[in-house]
Amino acid sequence: MRFRHPDGSTVHLAYCTNVHPAETLDGVLAQLRDHCEPVRRRLGRDRLGIGLWLAKDAARALITDPAALRGLRGELGRRGLEVVTLNGFPYEGFGADEVKYRVYRPDWTEPPRLDHTTDLAHLLAALLPDDVTEGTVSTLPLAWRTPFNAAGAEAAHTALTTLAERLDVLEELTGKSIRIGLEPEPGCTVETTADAIGPLTALATPRIGVCVDTCHLATSFEDPATALGALTAAGVTIPKVQLSAALHAEHPHLPEVREALAAFAEPRFLHQTRTRTAAGLRGTDDLDEALTGAVLPDGAPWRAHFHVPLHAPPAPPLTSTLPVLQDALTRLVGGPAPLTRHLEVETYTWQALPPELRPRNRTQLADGIAAELTLARDLLVDLGLKELP
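Residues numbered from 1 in each chain as written. Predicted model: local features only at pLDDT ≥ 70, side-chain atom pairs only at ≥ 80, totals over all residues. Heavy atoms only, no water.

## Topic: the sheet that holds strand 13 (residues 318-320)
- The strand order across the open sheet formed by 5 strands is 11-10-12-9-13, and the pairing between neighbours is antiparallel. With partners counted over all chains shown, the strands left at the sheet margins are strand 11 (280-284) and strand 13, one partner each. Neighbouring strand axes in the sheet, compared pairwise and without regard to direction, differ in orientation by 30° on average.
- Two elements, strand 10 (residues 273-277) and strand 11, share 5 bridges in a ladder whose sense is antiparallel. Residue Arg 276 lies in a different strand from strand 11, and its bridge partner there is Leu 281. (Pairing = 2+ DSSP bridges. Helix = DSSP H or I, 4+ residues; strand = E, 2+ residues; numbered from the N terminus. Axes fitted to C-alpha atoms, helices over the stretch in contact; angles between N-to-C directions.)

## Thoughts on the pairing of strand 10
- The hairpin turn running from strand 10 into strand 11, its antiparallel successor, is 2 residues long.
- The pairing of strand 10 with strand 12 (residues 302-308) spans 3 bridges and is antiparallel. Directly across from Thr 273, in strand 12, lies its bridge partner Ala 304.

## Observations concerning the packing of helix 3 (residues 66-78) against helix 4 (residues 111-127)
- Closest axis-to-axis distance for the helix 3/helix 4 pair is 10 Å, and the angle between their directions is 50°. Judged on the interaxial angle alone, helix 4 and helix 3 are oblique. Relative to helix 4, the crossing made by helix 3 is right-handed. Residues Leu 69, Leu 72, Arg 73 and Leu 76 of helix 3 pack against Leu 123, Ala 126 and Leu 127 of helix 4.
- For the contact of helix 3 with helix 4, the residue count by class is 6 nonpolar, no polar and 1 charged. (Parallel < 35°, antiparallel > 145°, perpendicular 65-115°, else oblique. Left-handed = near helix turned anticlockwise from the far one by under 90°. Contact = heavy atoms within 4.5 Å. Nonpolar A, V, L, I, M, F, W, Y, C, P; charged D, E, K, R; others polar.)

## Section: the packing of aromatic side chains
- What the rule picks out here adds up to 8 aromatic pairs.
- Seen from their ring centres, Tyr 104 and Trp 144 are 4.8 Å apart, and the 35° between their planes marks the pair as tilted. Of this pair, Tyr 104 sits in the loop between strand 4 (81-87) and helix 4 while Trp 144 sits in the loop between strand 5 (134-139) and helix 5 (150-174), placing them 40 residues apart in sequence.
- Overall, Trp 144 belongs to the buried group, its relative accessible area being 8%. (Phe/Tyr/Trp six-rings, centres within 6.5 Å; stacked < 30°, edge-to-face > 60°. Buried < 20%, exposed > 50% of the residue type's maximum accessible area, 1.4 Å probe, protein only.)

## Some points on helix 5
- Here helix 5 is 25 residues long and its end C-alpha atoms lie 36 Å apart, about the 36 Å a rise of 1.5 Å per residue gives.
- Every buried residue belonging to helix 5 is among Gly 152, Ala 156, Ala 159, Leu 160, Leu 163, Ala 164, Leu 167 and Leu 170, and all of these are buried.
- Residues of helix 5 that are buried make contact with helix 4, strand 6 (177-182), helix 6 (193-203) and strand 7 (208-213).
- Regarding helix 5, its N-cap is Asn 149, as a side-chain oxygen of that residue lies 3.2 Å from the backbone nitrogen of Ala 151 further along. (Expected span 1.5 Å × (residues − 1). Polar contact = N/O pair within 3.5 Å; in protein donor to acceptor, adjacent residues only side chain to side chain.)

## Remarks on unusual backbone geometry
- Omega for the bond connecting Arg 105 with Pro 106 falls within 30 degrees of zero, at -10°, which places this linkage in the cis form.
- Tracing the chain through its elements places Pro 106 in the loop between strand 4 and helix 4.
- Of the consecutive residues Pro 316 and Pro 317, the connecting peptide bond is found in the cis state with omega at 15°.
- Inspection of the secondary structure puts Pro 317 in the loop between strand 12 and strand 13.
- One non-glycine residue with positive phi stands out, namely Leu 142, at about 75°.
- In this structure, Leu 142 sits in the loop between strand 5 and helix 5.

## Considerations on the pattern of salt bridges
- With the rule as written, the count across this model stands at 29 salt bridges.
- With its nearest N and O atoms 2.8 Å apart, the salt bridge here joins Arg 207 to Asp 168. Taken together, the residues span a long stretch of sequence, with Arg 207 in the loop between helix 6 and strand 7 and Asp 168 in helix 5 at a distance of 39 residues.
- Judged by relative accessible area, Arg 207 falls into the buried class, the value being 8%.
- Salt bridges sharing common partners tie together Glu 37, Arg 40, Arg 41, Glu 75, Arg 78 and Arg 79. (Salt bridge = Lys/Arg side-chain N within 4 Å of Asp/Glu carboxyl O.)

## A look at helix 3
- Along its 13 residues, helix 3 runs 18 Å from first to last C-alpha, staying within 8% of the 18 Å computed at 1.5 Å per residue.
- Here helix 3 has its buried residues at Ala 68, Leu 69, Leu 72, Glu 75 and Leu 76. An end-on view of helix 3 places all buried positions within 120° of arc, on one side of the element. Exposed side chains of helix 3 directed beyond 90 degrees from the buried face belong to Arg 70, Gly 77 and Arg 78.
- Residues of helix 3 that are buried in the fold lie against helix 1 (25-43), strand 3 (48-52), helix 2 (56-64), strand 4 and helix 4.
- Where helix 3 begins, the capping side chain belongs to Asp 65, and its oxygen is found 3.1 Å from the backbone nitrogen of Ala 67. (Arc of directions from axis to C-beta.)

## Comments concerning the environment of Ala 196
- Checked against the element boundaries, Ala 196 lands in helix 6.
- Take Ala 196: its relative accessible area is 1%, and that puts it in the buried class.
- Along the backbone, Ala 196 and Gly 283 are 87 residues apart, and their C-alpha atoms lie at a distance of 19 Å.
- Sequence-distant contacts of Ala 196, that is, excluding residues within four places in its chain, are made with Pro 184, Val 190 and Val 210.

Given below as C-alpha cells:
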C-alpha cells in the first residue's frame, strides 16, 4: 500500500511475511498464493506491499539461480504484490516449535550474518518495483547481550562497515539504494534506541540506521518523543519502522492479572518482560520468569514483548501498547516531512496467542492481517496522508 505524504514523498505500508513459516523458495511462493494475495483481495486493493522474510535457504536458492529470482519477481507482479523491504532479522528456523534465543544467531560477530544480509540486499535490489529506487532491510541489533564484549563490538563494527561498502557498490551497479536498520530489542546488546546511537554514529554512514519496532519501544518504556528526538539530533537515520504493539499489564500484583498474563507465556518465542522502578528499568528474559516468584517487582505496570494484533487488544485486565504506536507514528510521519518512508505491520505471533484467540484457519488469519492493515491505513489517513491506488 502506498501513501502520498503532504510533502509529496511516497510512504509505503506492508505487512511482514514472517507470520507465515517458510524456509524454502517453494514455501515462499506458496505463501504468496495462500496468504498474501488473499489479504490483498480482502483490502480491495490492486497492489499490496509485503515485507518478505527470506530464510537462509530461500535466499541462497534465489542468489544462485537468476531464473528463480525472475520467477519470484514475476509471481509478485501476477498476484498484485510488491516488495520494498525485507525482514532480515531471523536467519532460519523461525517457524520451529521453539525459537527463543535461536533467533539471535548468527549475530553480527559471525561471518554468516554479513553474508546473508549481503544476499538480501542484492535480492531486494532485484525485487524492487521499477518505479522505486530505495529498499530497506531490518536486522538484529548486533547480538544478544551475552556473551558480548569489546572484541565482539569490534567484529560487529567491522562487519557493518564492510556491508556499507558493499551497499555503495550495489547502488553504483544497479541504481538501487538499499539501507539497513538495526532493530533494538529488549535483552540485546542494543536494547533501546539510545543504545543504538553510539554504534551507529561510530559507523558514520547513512546506509545503516535504526529500524524502530514500536512493540520493542513500548516494552522498554521508551517515550517516542524522547527516543525519536535523540535519533534525529544524533543524525541517525530511521530506514524502517515496524508497527507493532506489546502486552501491557497495569496491575501485575493482582492474581487475576497474573492469571491473564500466564495465558500468553508460551514455549515458542521469547517474551522479554520489563517494568520501571525508582532504580531504573528491570526485566526478565521471558514472561514465565516474571510470573514465578519475586524475580520482577510488581508495584508498577509490566510490559511484555508479545506482538499482539493491532486491532484486537487482549481483554481486560490486560491491554496493548497501541497508544505508543500511535504516538510514534504521529511523530514519524505526521510532521512536515516523514522521518521514515517504510512502515511494516509485524504481528508474527498470531499462532502463539492463547488458544481461544488464535485463528483456526487461513481465512481467519487473512481476515486478521487485513484488519491490522486497515487500522494502520486509517491512522495514516488521519495524519493527512493520501492512499494511492
